[in-house]
Amino acid sequence: MSRLLRSRVWSVLALIAGVTSLWAGENLWLRLACAAALAVGIAQQLALLARSIRRGTLGTFWIRVSVSTMLCVGVASWYLANSQGMPVLVAAGLVVALTGVWWFRTRPDVVQLQARNLPGAPEEPVEPPRWPYGWAGAVMCGFLLLSFVAATLSLPAAVFTILAVLAAAMQAVTLLPHLRFVRYNKKVLETLRAYRPVLTMPYDGQAAFHIGLWVPYVERTGHPFTVVTTDAVAFQRVSEKYTMPVIYAPMGGRRAIRAMLPRTVRAALYVYNGNNSGFMKVRRVKHIWLHHGDSDKEVSFRRKSAAYDILVVAGQAAIDRYAAHGVRIPSRKFKILGRPQIENIETVTTPISTIDNPVVLYAPTWHAADYKNNHSSLPIGTAIVSALLARNATVIFRPHPARRKLPESAAAIAAIHKLLQADALATKRAHRWGAAADKPSFAELANIADAMVADVSGVVTDFMQSLKPFAMVATGDDTETFRTRFPSSRSAYVIEWDLSTLDDALDAMLGADPLAAIRAERRKYYLGGYDNGESARAFVSYLQSLAAPRPVKSAAVNPPSPVQVEQKPLQPAGQ
């Protein structure tokens, strides 16, 4: 039924009927047949318009140029057959109407893009006009209907001309903002292509800090790169916080995503496991999974990770983590490059037992709504901080930046701030919280601290570089079960959720430190054995290899004859 409704047959019949009416003369039945055919052709377009309004798709409703032309010619012919004199006015009206149709012939397939920090691109977006095609189509339907009625009533030819001029004027009013919108999007697209990005970072997360963890190393490649997103909040936050070009596709369609990844882009670097599927459908780009941290959390062994072309991981622990949870990924997809972010973390040289007033970093992770995946120790954070203060420790309190405004998180963070403030006034110890703990990098805080208390999170892996002692909070498991589930805790002192092991864990961590001997082995297992900035250099070198021009295929040459070829035994892969 839909195909029949959209068929051009009705417009062809209307055209034939209109032209035939010029020779119908006084033949009443032929005139009625011609009028009926014209009415059906116009009614078809009115039905399509009504359906678009009912379905809420008026913004994409338009009348094809061929259909509009046939209906206009048919109605004009009907007008000439019914209106006496002044055929020039009807002809002029037809020319005006067809000019309006031809002027607004652009199809509704504009690639909508916005850009910030892109040199040469307009910063202020042009909002898309509301129903640009719908209004133009509605105007044309109105013109055809009114002109048909006027011709049937034998109104003067000037009426047809006036209706045509009004229709063309209304289409122009509709078209002008659309032209500005098209011009803006074309400018953004042309500027993006001229920028010639080689690397890009698709990102639909809203925390923005994920991007900042990797940007310094992408910048070191010396190649132009962009951040691309289909999320409005991500677009705003990333572009405000960083200086690299950020490209946003409001509609998030396939054409827009492909447009955000020009052909100069060689690799897409993913740091957040959100809505990445649309970007990954662009197969001419190599898709690299970086993640924003290495931890034993559930997000670090998701099955969807197998869809990426390459998984850059810190160490063998990440590869084993996937296998341990039944996620099968070919070994060729993994690239062990350590953690570039640890390049400035210093390795400890003195045992913590020699320090009387240790500095302890408390870095709980974010609160998850799903209890099974919630690893945040914030609900018992005041007890942990109080125990540290009782041991004369100077505390640096740095909660995860995400979800801080949740009522549960906000209340716990405020309570810990109050506790540290009171102790600082009483003891003069230089505790850090709020901006004083958030502004420095994690590496800076790790160098200041003598030990750390954390949850199951990426900061544990990064802190391993220091070889300093650390404790981890088990949210619901006993110590042995926790160490089995989360292998990163095997070199950590475990604080159980009921606080039964709190004192023993802190005393061991800040005292004899019996786990010191195994931390070096665990560091190599989790961080790949890189040291002294080697990981950062290896990562940058790998990105540069991704950005290198693709090798040009050499011209075909004739193979040597069989007698010239020495058959060599096959060697195992990698030899």
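Residues numbered from 1 in each chain as written. Predicted model: local features only at pLDDT ≥ 70, side-chain atom pairs only at ≥ 80, totals over all residues. Heavy atoms only, no water.

**Description of the nonpolar core**
Line of reasoning, step 1. In terms of nonpolar packing, the biggest core is built from 35 residues, with Phe143, Leu144 and Phe160 touching the most fellow members.
Line of reasoning, step 2. At the level of elements, helix 2 (9-21), helix 3 (28-55), helix 4 (65-82), helix 5 (87-103), helix 6 (132-152) and helix 7 (157-195) are the ones that each hand at least two residues to this core.
Line of reasoning, step 3. Counting residues per element, this core draws most heavily on helix 6, at 8 residues. (Core = buried A, V, L, I, M, F, W, Y, C linked by side-chain atoms within 4.5 Å. Buried < 20%, exposed > 50% of the residue type's maximum accessible area, 1.4 Å probe, protein only. Helix = DSSP H or I, 4+ residues; strand = E, 2+ residues; numbered from the N terminus.)

**Comments concerning the pairing of strand 7 (residues 310-313)**
Line of reasoning, step 1. Of the two faces of strand 7, the one holding Ile310 and Val312 and the one holding Leu311 and Val313 are both buried throughout.
Line of reasoning, step 2. Where strand 6 (residues 286-289) and strand 7 come together, 2 bridges link them in parallel fashion. When the bridges of strand 7 are listed, Ile288 appears paired with Ile310.
Line of reasoning, step 3. Relative to strand 8 (residues 334-336), strand 7 runs parallel, the two being bridged by 3 bridges. (Pairing = 2+ DSSP bridges.)

**Considerations on the confidence of the model for the protein chain**
Line of reasoning, step 1. Scored by pLDDT, the protein chain comes out at a mean of 88, with 93% of its residues at no less than 70.
Line of reasoning, step 2. No element of the protein chain has a lower mean pLDDT than helix 1 (residues 2-5), at 76, and none a higher one than strand 11 (residues 451-454), at 98.
Line of reasoning, step 3. Below pLDDT 50 for its whole length, residues 554-575 participates in 1 contact with residues either more than four positions away or in separate chains. (pLDDT = per-residue confidence, 0-100. Contact = heavy atoms within 4.5 Å.)

**Observations concerning the packing of aromatic side chains**
Line of reasoning, step 1. Under the defined criterion, the tally for this structure stands at 14 aromatic pairs.
Line of reasoning, step 2. Relative to Phe539, the ring of Tyr217 has its centre 6.5 Å away and its plane inclined at 85°; by these criteria the two rings are edge-to-face. You can see Tyr217 sitting in helix 9 (residues 215-219) and its partner Phe539 sitting in helix 22 (residues 534-547), a full 322 residues away along the chain.
Line of reasoning, step 3. Taking the relative accessible area as the measure of exposure, Tyr217 reaches 6% and is therefore buried.
Line of reasoning, step 4. Note on Tyr362 and Phe397: the rings are 5.6 Å apart at their centroids and 20° apart in plane angle, and the pair reads as stacked. Of the two residues, Tyr362 is situated in strand 9 (residues 359-363) and Phe397 in strand 10 (residues 394-397); the sequence distance between them amounts to 35 residues. With respect to burial, Tyr362 and Phe397 carry one shared label: buried. (Phe/Tyr/Trp six-rings, centres within 6.5 Å; stacked < 30°, edge-to-face > 60°.)

**Section: unusual backbone geometry**
Line of reasoning, step 1. Of note in this structure, Ala208 is not a glycine but carries a positive phi near 70°.
Line of reasoning, step 2. When you line up the elements, Ala208 lands in the loop between strand 2 (199-202) and helix 8 (209-212).
Line of reasoning, step 3. What makes Ala208 buried here is its relative accessible area of 3%.
Line of reasoning, step 4. The residue His291 is not glycine, and still its phi comes out positive at about 65°.
Line of reasoning, step 5. Among the secondary structure elements, His291 is positioned in the loop between strand 6 and strand 7.
Line of reasoning, step 6. A relative accessible area of 6% means that His291 is categorised as buried.

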